[in-house]
Amino acid sequence: MAENGTDCDQRRIGMIKEQHNGNFTDPSLPCERKRRDREERQNIVLWRQPLITLQYFFLETLINLKEWTIKLWHRRSIVVSFLLLLAVLTAAYYIEGTHQQYVQYMEKKFLWCAYWVGLGILSSVGLGTGLHTFLLYLGPHIASVTLAAYECNSVNFPEPPYPDQIICPDEEGIEGSISLWTIISKVRLEACMWGAGTAIGELPPYFMARAARLSGAEPDDEEYQEFEEMLEHAEAAQDFASRAKLAVQNLVQKVGFFGILACASIPNPLFDLAGITCGHFLVPFWTFFGATLIGKAIIKMHIQKLFVIITFSKHIVEQMVSLIGAVPSIGPSLQKPFQEYLEAQRIKLHHKSDNGVPQGENWLSWMFEKLVIVMVCYFILSIINSMAQSYAKRVQQKMYSEEKTK
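Residues numbered from 1 in each chain as written. Predicted model: local features only at pLDDT ≥ 70, side-chain atom pairs only at ≥ 80, totals over all residues. Heavy atoms only, no water.

## Comments concerning the packing of helix 6 (residues 133-152) against helix 14 (residues 285-311)
- Two elements in contact, helix 6 and helix 14, have axes whose closest approach is 9 Å; the angle formed by their N-to-C orientations is 55°. Between helix 6 and helix 14, the angle is such that the two are oblique. Crossing hand, helix 6 versus helix 14: right-handed. Residues F134, L138, G139, I142, A143 and T146 of helix 6 touch helix 14, and the partners they reach there are M301, Q304, K305, V308 and I309.
- The residue inventory of the contact of helix 6 with helix 14, partitioned by class, reads seven nonpolar, three polar and one charged. (Axes fitted to C-alpha atoms, helices over the stretch in contact; angles between N-to-C directions. Helix = DSSP H or I, 4+ residues; strand = E, 2+ residues; numbered from the N terminus. Parallel < 35°, antiparallel > 145°, perpendicular 65-115°, else oblique. Left-handed = near helix turned anticlockwise from the far one by under 90°. Contact = heavy atoms within 4.5 Å. Nonpolar A, V, L, I, M, F, W, Y, C, P; charged D, E, K, R; others polar.)

Shown next, in the form of structure tokens:
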């Protein structure tokens, strides 16, 4: 916003100079109008204008459905091939035979992988605010497997009910047989699938910037406009955020594959900028996606797994609970629910969940479930607001183009 204001001020100075030359134009008006339109769109949210927001959301949904229908019609040969493949798979699924055991195994693995890939896409794709699915789903899953592995001295949990529910196997494992690598191997598939989903979710900024560069048109995306402004004012960047964005852009532009790999291999909130940079400078697709996939699905995912597994290993958890109890005055009261929760989990792991557990011990899991519900609801609301604002931008652009033709 500060850069936009500076740009407007520079245009006003140019307007004054033109006034002295006898030509009166007002180049500041487009900039002021963009700022005013952006403020109007930001007010279109459910808690301020619910009826207009819902109306715009449904209209934008219809437009998107129409656009996708047209795209699918233009690629109807691919659609027909996909439908034929789906028909063959459906027939194989329902026809009885010795192949059914393999079909059931593939179905289970496919749905499990698709679930985590979908959560990964939701975590990084530009819908609303993005859903932090690592904190809500993958992280707790890895933590549960870690706690169960140390309690059961095994990761050979009975299937079913795993992964829906974790219980210890009937055969007791050897004390101390669980290693860090054993747990990493147990959760590798879901973690890598989640990482692959986050890599897929980074593709829209890349394709948007690439299409804009090839066509020469200005895209309907504020992040891309901010990127172009950053390139124009690169030398004048003073604040830390601008310098960090420029550092990411320079790293990706100059180093290429390994620069993208470095940005994708660490938790990096500015990675959208890397995708926009690669698209803008026409970096080949497989260079960008290959580096992103390796960085997010392999390197970064193993870093995050190690952090969660180490944090929730048996001795670390016991130390954390004892440290909570050491807090003056309120420590024991805070420590008690954590101890009861851990004890309840041990009982469930050893098939003793029917033995009557105190009702108060589940408040931690109850709070986490409610937190998940709240965050998912907020994510859905943010998607509705975002799509309504996209439709409002369509209306504003249509009005602007009509005024120019008059």
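Further notes follow.
## Some details on the packing of aromatic side chains
- One pass over the full model with this rule turns up 16 aromatic pairs.
- Ring geometry for F157 versus Y162: centroids 5.5 Å apart, planes at 40°, classification tilted.
- A cation over an aromatic ring shows up here: R76 above the ring of W73, its NZ or CZ 4.5 Å from the ring centre.
- Between the NZ or CZ atom of K186 and the centre of the ring of Y162, over which it lies, the distance is 4.6 Å. (Phe/Tyr/Trp six-rings, centres within 6.5 Å; stacked < 30°, edge-to-face > 60°. Lys NZ or Arg CZ within 6 Å of the ring centre and 35° of its normal.)

## Overview of the packing of helix 4 (residues 76-94) against helix 5 (residues 100-124)
- Axis separation between helix 4 and helix 5 bottoms out at 9 Å; the angle between their running directions is 120°. One finds that helix 4 runs oblique with respect to helix 5. Every residue of helix 5 that contacts helix 4 at A92, Y93 and Y94 is listed here: Q100, V103 and E107.
- Of the residues that constitute the contact of helix 4 with helix 5, the class distribution is four nonpolar, one polar and one charged.

## Observations concerning the pattern of salt bridges
- Throughout the structure, instances matching the rule amount to three salt bridges.
- A salt bridge links E60 to R394, with the nearest nitrogen and oxygen atoms 2.8 Å apart. Residue E60 is found in helix 3 (residues 50-74), and its partner R394 is found in helix 17 (residues 363-405); the two are separated by 334 residues along the sequence.
- According to the relative accessible area criterion, E60 is buried, its value standing at 4%.
- Classification of R394 by relative accessible area gives partly exposed; the value is 29%.
- The shortest N-O distance in the salt bridge between E67 and R394 comes to 3.6 Å. Placement of the pair is E67 in helix 3 and R394 in helix 17, with a sequence separation of 327 residues.
- For E67, a relative accessible area of 35% corresponds to the partly exposed category. (Salt bridge = Lys/Arg side-chain N within 4 Å of Asp/Glu carboxyl O. Buried < 20%, exposed > 50% of the residue type's maximum accessible area, 1.4 Å probe, protein only.)

## As for the side chain of Q100
- Within the secondary structure, Q100 sits in helix 5.
- Look past the residues within four positions of Q100 in its chain and what remains in contact with it is A92, Y93, Y94 and I95.

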